[in-house]
Structures are given as structure tokens and as C-alpha cells.
Amino acid sequence: MPTRYDVTKEELTELLSGEPRYRIDQVWHGLYGDLSEVHSVTTLPRALRARLDEQLPLALQEVTKRLADDGETTKWVFRLADGANVETVLMAYDDRVTACLSSQAGCAMGCTFCATGQAGFTRNLTAGEIVEQFIVAARAALPRRLSNVVFMGMGEPLANFDRLWTAIHRLHDDLGLSARRLTVSTVGIIPGIKKLTAADLPVNLAVSLHAANDATRTSLVPMNARYPLADLFSACEEYVETTGRRLSVEWALIDGVNDTEQAARELAAFVRPLRAHVNLIPLNPTPGYLVRGSSAQAVRDFAADLIELGVNATVRRTRGVDIDAACGQLAAEAVRATLRTSSGTI
Ligand code: SAH
Ligand code: SF4
């Protein structure tokens, strides 16, 4: 049985056979137009609501919900039907409200500095499991409108492309988000970048670079051995030339590793021909990586070096560090408890 937000209109039509045809649109509008719980779609007869509640089960069960940054940041841990956990973060800003969604339970890419990578891979999320994270966050954002989505939660979105794309279509077609408010962040999966280049919605692409020489990058991002920088550069170049969109590059500053003048020069050489925008963020602490994030001064110096080298760079403010909701800190609680007992750290 598909979950509530996995069900397609065709499947819903089948489920509602015997009901008047207009019921299909009423249900669809209740789910996506009004963000309603099925039992409160009052245009539907009570018995039908009860049947749908049972036959279209929800996928996410809230385990925890925590607030930070004076209530401007919310992090949820959800349990899925098979017991896997995922996390979702909602961030309210003056000019927008952004949800950071997970695309997989865990991640197989093994980036050394990332809590999700340290915890390993559980499974791909279904499109409905991705969309349901948005629905929960959008309800919590009310009366403000959840306007932006970044796929910077748990998992590598381009390693789960088809389901991701189904979810993106649902966000765009049924939930009314414009493609330029959707951002897919990747560790650099080249076949996925090529698919995005040819895809039918102009979503934004962010590449998590973190190092612009192969030796350093492979030590931080093991996938770099499979998709090295020269190939990644070509895929990015093709993306920018074909789509005309601006690429962004993520760079988590790590003390003494990628915050040097040399690193700034390498980064500038990579991004300048792509006219990419660089987002700098001091590395957030995770249990399995003992190197520290760069100091505030080192972050400022690195940003100044880049700007002098003609690179468009901004320093991103981190959110939710104290509730482990910041970039790279997501690793559902249950997993972290295991890490804690097995390593004795934290
Ligand atoms: N797998 C995708 C998207 C999820 S990770 C990707 O890697 O791009 C989202 C972002 O958080 C990436 O830019 C990632 O490099 C960054 N990140 C991971 N661990 C981090 C940490 N400890 N501190 C700061 N950023 C981190
Ligand atoms: Fe996976 Fe992204 Fe974390 Fe790397 S940084 S392990 S790709 S979630």
C-alpha cells in the first residue's frame, strides 16, 4: 500500500472507484492545496475520511521535535515504517522560510567530517517520505509560507535521483514551489549532475567541494576518487553552459586543512571560470571527526582572500548547532546513541 504522499493520482482514482469523480480532486486539494490532515478535509464524507486515513497511512512518525535560535530553527527526528530514522530542519529567516530535507536514511558517501556519513547508509527514501517532511515543516511554519527547500539534510540526493525527482515535481506541481526556490546539493555525483542538466525543471545546484586538489578532497570526500576534480569541473561547466543557471559551491572551512591561502587559490581557479558562487561555512562539530572548524577570524580571512581573487563568496550563518541541526550534524538520534556506546566519545 502506498503511503499518503506516495500515492499517485492514478492510484487514488483506483482507490476511489465507486465514488463520484470530483472526490479525487477534493482529496488531492485537501492533501496538497490545504496541507490538511485527511480527517479534517471537511468536504469529504466522514466515512471516506476514515477509510483514507487507514488506507493511505502516513510514513513519518515524530520521535523528537526541538527548537533553537529563539524558535527560528526547528529540527525533527522521524521514524519510518521500517524503523529507519531521518531528520528534517526548518529555518525561518526575515525574507524566506527554508526546509532542509533528507533524501536518504543515512548516506553511503562516507565524507569523514559529516555525521550522516559517519553513521553509514540505511536506505533510499521514497518520494512520499521526502514530500511528507515538507508537509510537516510547512504546517509548522504557518502562518508563514514555507518558501524554499534545500536538499541538504541526510543523504546524497543524486544517489536517489528518480525518487528525488518525483518529490521535486510534487513540490513544484502540487505544492506551488517555484524551481528556483529548490536547491539540490551534491557531493559531486557526475551522472546525477548530467541528469540535472537535462532535467525538465530548472532547480538550483550546489556542489559540496571543500577542497580543490584531488589529494585533500579524496581524504575528506572519498567519492572524489571515483569522480575526480577534472571530471567534476567538466560536468559543472556543461551544467552552467547548458542551463545558464548559476552554480553554487559549498566549502566547510576546516582548521589548517582547507582554510589556507593555497586552498583559496585552488578554489578560485576552480570556480572562477564557472562564475560559481561560494558559500563558506565553518565546519560544524561531529562526533567522529576531531579536526576543528576554522576560527571566525580564519573564516573572514579566507573570504577576504577569495574576494581579492575575484570570487563571489559569502559566509553562511550556521543554524541549530546546539540541537545538532546544523549542516552535516544530522545523524538520527538512535544511530548516535549506538556511536556513543561503541566509541565512548561525544
Ligand atoms: N549529500 C549532499 C547533501 C547533504 S550534506 C552533499 O554532500 O552535498 C549538506 C551539506 O552539509 C554539504 O555541503 C556537506 O558537505 C555539508 N556538511 C557535511 N558535514 C558538515 C559539517 N560537519 N560541517 C559543515 N558542513 C557539513
Ligand atoms: Fe553524504 Fe553529503 Fe554527508 Fe557526504 S556530506 S556523507 S555526501 S550527506
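Source: prediction; values computed, not measured.

A look at the overall build of the protein
And then number 1: Counting its secondary structure elements, the protein contains 12 helices and 12 strands.
And then number 2: By the compact-globule yardstick of 20 Å for 346 residues, the protein fits well, its C-alpha radius of gyration being 21 Å.
And then number 3: Averaging the locations of the 36 positively and 41 negatively charged side chains of the protein gives two centres separated by 3 Å.

Overview of the confidence of the model for the protein
And then number 1: Taken over all residues, the pLDDT of the protein has a mean of 93, while the share at 70 or more is 96%.
And then number 2: For residues 339-346, every residue scores under 50 in pLDDT, and the model assigns this stretch 7 contacts once sequence neighbours within four places are set aside.

Quick word on the packing of helix 5 (residues 127-141) against helix 6 (residues 161-174)
And then number 1: In the contact formed by helix 5 and helix 6, the axes pass within 8 Å of each other and the chain directions differ by 40 degrees. By the angle class used here, helix 5 and helix 6 are oblique. Relative to helix 6, the crossing made by helix 5 is right-handed. On the side of helix 5, the interface is formed by A127, I130, V131 and F134, while helix 6 contributes R163, L164, T166, A167, R170 and L171.

Observations concerning the packing of aromatic side chains
And then number 1: Applying the stated criterion across every chain, the model contains 7 aromatic pairs.
And then number 2: Ring plane angle 50 degrees and centroid distance 4.9 Å describe the contact between W28 and Y32, whose orientation is recorded as tilted. One end of the pair, W28, and the other, Y32, are both in helix 2 (residues 22-33), 4 residues apart, so they sit about a helical turn from each other.
And then number 3: Look at W76 and F78: their rings are 6.2 Å apart centre to centre, the planes differ by 10 degrees, and that puts the pair in the stacked class.
And then number 4: Three or more aromatic residues link up through ring pairs in this structure, and these residues are Y5, W28 and Y32.
And then number 5: The lysine or arginine in question, R96, covers the ring of Y93, its NZ or CZ lying 4.1 Å from the ring centre.
And then number 6: The aromatic ring of Y93 is capped on one face by R319, whose charged end is 4.4 Å from the ring centroid.

Structural notes on the sheet that holds strand 8 (residues 182-186)
And then number 1: Here 10 strands make up an open sheet; going across it, the order is 1-2-3-4-7-8-9-10-11-12 and the pairing mixed. Each edge of the open sheet is held by one strand with a lone partner, namely strand 1 (61-68) and strand 12 (312-315). The mean inter-strand angle of the sheet, taken between neighbouring strand axes irrespective of direction, is 20 degrees.
And then number 2: Two elements, strand 10 (residues 248-253) and strand 11 (residues 277-282), share 6 bridges in a ladder whose sense is parallel. The partner of E250 across the bridge, within strand 11, is N279.
And then number 3: Each of strand 2 (73-79), strand 3 (85-92), strand 4 (97-100) and strand 7 (148-151) is contacted by helix 5, which is oriented at about 35 degrees to strand 3, the strand it contacts most.
And then number 4: In this fold helix 11 (residues 296-308) packs onto strand 10, strand 11 and strand 12, with an angle of close to 165 degrees to the strand it touches most, strand 11.

The rules we used
For every chain, the first residue of the written sequence is number 1, and numbering continues from 1 along that sequence. Chain letters start at A and ligand numbers start at 1, both assigned in the order the entries are written. At least 70 in pLDDT is required for a residue's local features to be given in this predicted model, at least 80 for side-chain atom pairs to be given and counted, and no such filter applies to totals for whole chains, interfaces and linings, which use all residues. The basis for the side-chain values is all heavy atoms of the structure; hydrogens and waters are excluded. Helix and strand labels come from DSSP, where a helix needs a run of H or I of at least four residues and a strand needs a run of E of at least two; each type is numbered from the N terminus. Taken over C-alpha atoms, the radius of gyration is set against a globule rule of 2.2 Å times the number of residues to the power 0.38. Counting rule applied: Lys, Arg positive; Asp, Glu negative; His and chain ends not counted. A charge is said to be at NZ when it belongs to Lys, at CZ for Arg, at CG for Asp and at CD for Glu. Every residue is assigned a pLDDT by the predictor, reflecting its confidence on a scale from 0 to 100. It only takes one pair of heavy atoms within 4.5 Å for two residues to be counted as in contact. The convention used is that axes are lines fitted to C-alpha atoms, helices contributing only their stretch in contact, and that angles between N-to-C directions extend from 0 to 180 degrees. Relative orientations are named as follows: roughly parallel for angles under 35 degrees, roughly antiparallel for angles over 145 degrees, roughly perpendicular for angles from 65 to 115 degrees, and oblique for any other angle. Two helices crossing with the near one rotated counterclockwise from the far one by less than a right angle form a left-handed crossing, whereas a clockwise rotation gives a right-handed crossing. Aromatic pairs are defined between Phe, Tyr and Trp rings, using the six-membered ring for Trp, whenever the two ring centres lie within 6.5 Å; interplanar angles under 30 degrees are classed as stacked, those over 60 as edge-to-face, and all others as tilted. In this scheme, the term charge over a ring applies when either NZ of a lysine or CZ of an arginine sits within 6 Å of the ring centre and within 35 degrees of the ring normal. When DSSP locates at least two bridges between a pair of strands, those strands are taken to pair.

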